Amino acid sequence: MNIQQRITFLFTAVCAGILGIFMLVVYLSASKNRANEFYNILEKEAITKVNLLTETQLDSFTLQTIYRNNREILYEVETAIYDDQYNLIYHDAVDIDFVKETPEMLSEILDAKRIQFTQEDWQVIGIVHHSKGMDYLVTAAAFDGYGFSKLNNLRSTMVITFIIGLVVIFMTGKYFSKNSLLPLSKMSEEARKISASNLDLRLKEGNDEIGTMAKTFNAMLERLEKSFESQKQFVSYLAHEFRTPLAIIIGEVELSLSKPRQAEDYQQTLETVLKDSKKIAQLSESFLDLAKASYDKAEVNFQKVRLDECLIEASQKLQRNNANYRVELDLDESIDEGTITINGNSYLLSTAFRNLLENACKYSENNSCKVHITSIDKKCHISFSDQGVGISIDELDDIFKPFFRGSSRELSEGSGIGLYLVEKIIQLHEGKIFVDSEVGKGSTFTVIL
Ligand code: ADP
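To keep things clear, this report deals only with the structure shown in the data block. (Residues numbered from 1 in each chain as written. Predicted model: local features only at pLDDT ≥ 70, side-chain atom pairs only at ≥ 80, totals over all residues. Heavy atoms only, no water.)

Moving on, we come to helix α4 (residues 145–192). Compared with an ideal rise of 1.5 Å per residue, which puts 48 residues at 70 Å, α4 spans 68 Å between its outermost C-alpha atoms and is within 8% of the ideal. At L181, α4 shows its maximal kink, close to 40 degrees; a proline, P183, follows between one and four residues later. For α4, the full list of buried residues reads G145, G147, L151, M158, G165, I169, G173, S177, L181, M187 and E190. Of the surrounding elements, those touching the buried residues of α4 are α1 (3–54) and α5 (209–257). (Helix = DSSP H or I, 4+ residues; strand = E, 2+ residues; numbered from the N terminus. Expected span 1.5 Å × (residues − 1). Bend = angle between axes of the 7 residues up to and from the residue. Buried < 20%, exposed > 50% of the residue type's maximum accessible area, 1.4 Å probe, protein only. Contact = heavy atoms within 4.5 Å.)

Spelled out as structure tokens, the structure:
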């Protein structure tokens with residue numbers, strides 16, 4: 001069952017429930033009113049008969065004849081009159097005698113002054129009436145034929161109205177649910193047209209709730225489009241980065257194979273090939289790291305790691321390839337075991353630290369980096385300081401972008417993805433990275449974990 005059908009059925013059910021309850025209340029109240037009114041009529045009839053007998057001295061026979069004649073065509077009231085000694089004074093029709101007045105009943109009437117009850121479909125009333133200095137016990141009973149037929153008519157009208165109402169409510173519900181969901185259908189129609197090739201398409205935005213949803217959806221599309229674009233850009237950068245060293249390798253090899261050469265020439269070619277192959281290997285390693293750092297946190301193996309150990313590992317790895325690089329580690333005494341141990345991935349953290357150490361060394365004349373580890377507010381602050389060329393204010397905003405290489409790129413080789421990777425790793429560990437730099441004086445990168 002789709003939403004439109006669900007709304008229609010729910011709407012119909014709720015309206016039918018309300019209508020049904022409303023009709024039931026009306027019917028019950030009409031039925032109660034009929035009974036009360038009929039008891040009043042019975043009382044008046046009873047009093048009239050007593051008065052006719054006692055005050056106008058009308059004889060019993062005339063009264064009984066009127067009763068019998070009326071009974072044929074009308075729902076005539078059957079009346080019985082007793083004196084206070086329970087002696088029968090008058091009865092409309094002793095032979096019929098629908099209500100059997102027992103002494104108990106009469107004494108109950110005398111005590112209560114007025115009783116009423118139903119016998120089969122008949123309503124019965126018993127009253128004490130005072131006339132001409134005498135107390136009379138009167139019972140009056142009749143079947144409210146008119147009242148019941150009016151009630152039956154009302155019931156039939158209600159049932160028919162209810163059925164017609166139900167159909168009208170259902171049709172109205174269907175119309176409104178269809179109309180109110182129309183913008184949603186239009187929206188899904190528009191959304192269906194959006195694919196990877198036309199991510200620039202947007203949904204129509206309105207001012208209602210669906211409009212707000214379209215706005216949210218458009219904002220999501222905006223983000224998707226941006227990330228899609230940057231992915232595309234990234235892939236083309238990637239291809240470019242690989243192409244350059246590969247083109248050099250191919251060119252060098254082709255050149256040396258074009259004619260027989262001296263051993264030194266081959267040696268030189270092989271050195272160039274080795275250099276560029278190393279570059280490709282380093283690049284692919286960086287991209288693998290980047291892929292790992294871009295994972296969802298849940299997919300990366302996180303466990304307790306000591307940040308100082310990661311730093312030592314990073315500096316050892318760095319110095320293994322660059323013997324002239326100097327790394328000075330300074331661990332603040334105040335730092336405790338709990339702060340220096342975090343939940344993280346030691347491989348990724350070492351990679352990030354190695355990149356920061358490498359940058360500090362390669363962009364400074366003395367090829368050295370000072371690392372200071374301290375604890376502030378139970379967080380580990382690691383600063384990587386160098387006395388190198390520094391970074392100009394214009395470049396500071398871009399250094400974390402992929403493939404960005406600053407004006408200092410002349411000093412050393414690189415791919416421009418080091419800091420991008422560092423930032424991703426730190427973000428994966430829910431940490432922060434800041435940079436403070438002055439051209440000609442040096443830079444300090446601070447990582448908070
Ligand atoms: P790469 O070092 O391969 O060029 P990175 O992403 O590591 O790429 O760094 C981006 C740019 O930021 C570098 O090209 C350089 O201009 C600048 N940079 C990073 N670290 C330093 C540093 N410690 N001193 C000076 N410049 C730096």
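Membership of the largest hydrophobic core comes to 51 residues, with the highest contact counts inside it found for L307, L349, F353, I382 and F384. Elements that contribute at least two residues to this core include exactly α5, α6 (263–293), α7 (307–321), α9 (346–362), β9 (368–376), β10 (379–385), α11 (418–428) and β12 (442–448). The dominant element in this core, judged by the number of residues it contributes, is α9, at eight residues. Sequence-distant contacts of I382, defined by excluding residues within four places in its chain, comprise L307, L311, F353, V371, H372, I373, F445, T446 and V447. One finds L42, V50, L53 and I125 within the second-largest nonpolar core, a separate group that totals 16 residues. (Core = buried A, V, L, I, M, F, W, Y, C linked by side-chain atoms within 4.5 Å.)

This next bit is on the packing of α6 against α11. Packed helix pairs are specified by the crossing angle of their axes together with the interaxial distance, meaning the distance between the axes. Between α6 and α11, whose axes approach to 9 Å, the crossing angle comes to 25 degrees. On the basis of the axis angle, α6 is roughly parallel to α11. The interaxial crossing formed by α6 with α11 has left-handed handedness. Contact residues: α6 offers S286, D289, L290 and A293, while α11 offers Y420, L421, K424, I425 and L428. Among the residues forming the contact of α6 with α11, the class breakdown is six nonpolar, one polar and two charged. (Axes fitted to C-alpha atoms, helices over the stretch in contact; angles between N-to-C directions. Parallel < 35°, antiparallel > 145°, perpendicular 65-115°, else oblique. Left-handed = near helix turned anticlockwise from the far one by under 90°. Nonpolar A, V, L, I, M, F, W, Y, C, P; charged D, E, K, R; others polar.)

Contacts to the ligand come from 21 residues, most closely from N359, Y363, R405, S408 and L419. In this structure, G416 approaches the ligand through a main-chain N or O atom, which is 3.0 Å from an oxygen atom. Notes on the ligand: free accessible area 530 Å², of which the protein chains cover 99%. Per-element accounting of the shell around the ligand gives the leading share, three residues, to α9. A class-by-class count of the residues in the shell around the ligand yields nine nonpolar, nine polar and three charged. (Near = heavy atom within 4 Å. Polar contact = N/O pair within 3.5 Å; in protein donor to acceptor, adjacent residues only side chain to side chain. Areas by Shrake-Rupley, 256 points an atom, 1.4 Å probe, with all protein chains shown as cover.)

Our next topic: α7. Given a rise of 1.5 Å per residue, 15 residues ought to cover 21 Å, and the 22 Å separating the end C-alpha atoms of α7 matches this to within 8%. Within the sequence span of α7, burial applies to L307, D308, C310, L311, A314, S315 and L318. For α7, the angular spread of the buried residues around the axis is 155 degrees, confining them to a single face. (Arc of directions from axis to C-beta.)

Structurally, H429 can be placed in the loop between α11 and β11 (432–438). H429 sits in the buried class, given a relative accessible area of 8%. A polar atom in the side chain of H429 sits 2.8 Å from the backbone oxygen of I425.

Another aspect to go through is the environment of S315. Here S315 shows up in helix α7. With a relative accessible area of 9%, S315 lands in the buried category. Sequence separation of S315 and V305 is 10 residues, and the distance between their C-alpha atoms is 16 Å.

Glancing now at the sheet that holds strand β2 (residues 88–91). The five strands lie next to each other as β2-β1-β5-β4-β3, forming an open sheet whose pairing is antiparallel. Each end of this open sheet is capped by a strand with a single partner; those strands are β2 and β3 (114–119). Strand-to-strand, the axes of this sheet are offset by a mean angle of 20 degrees, without reference to chain direction. Across the face of the sheet, α1 comes into contact with β1 (78–83), β2, β3, β4 (122–131) and β5 (134–142) while running at roughly 40 degrees to β4. Against the sheet, helix α3 (residues 103–112) engages β1, β3, β4 and β5, with an angle of about 135 degrees to β3. (Pairing = 2+ DSSP bridges.)

So, about unusual backbone geometry. Despite not being glycine, Y86 shows a phi value in the positive range, around 70 degrees. By the element assignment, Y86 lies in the loop between β1 and β2. Judged by its relative accessible area of 29%, Y86 falls in the partly exposed class. Within the chain, F403 stands out as a residue other than glycine whose phi angle is a positive 65 degrees. Assignment of secondary structure puts F403 in the loop between α10 (393–396) and α11. Among the residues examined, F403 registers a relative accessible area of 11% and is labelled buried.

Attention now goes to the packing of α1 against α4. Where α1 contacts α4, the axes come no closer than 8 Å and their chain directions differ by 160 degrees. Overall, the two elements α1 and α4 adopt an arrangement that is roughly antiparallel. Both α1 and α4 take part in a crossing whose hand is right-handed. Looking at side-chain class alone, the contact of α1 with α4 contains 20 nonpolar, 10 polar and four charged residues.

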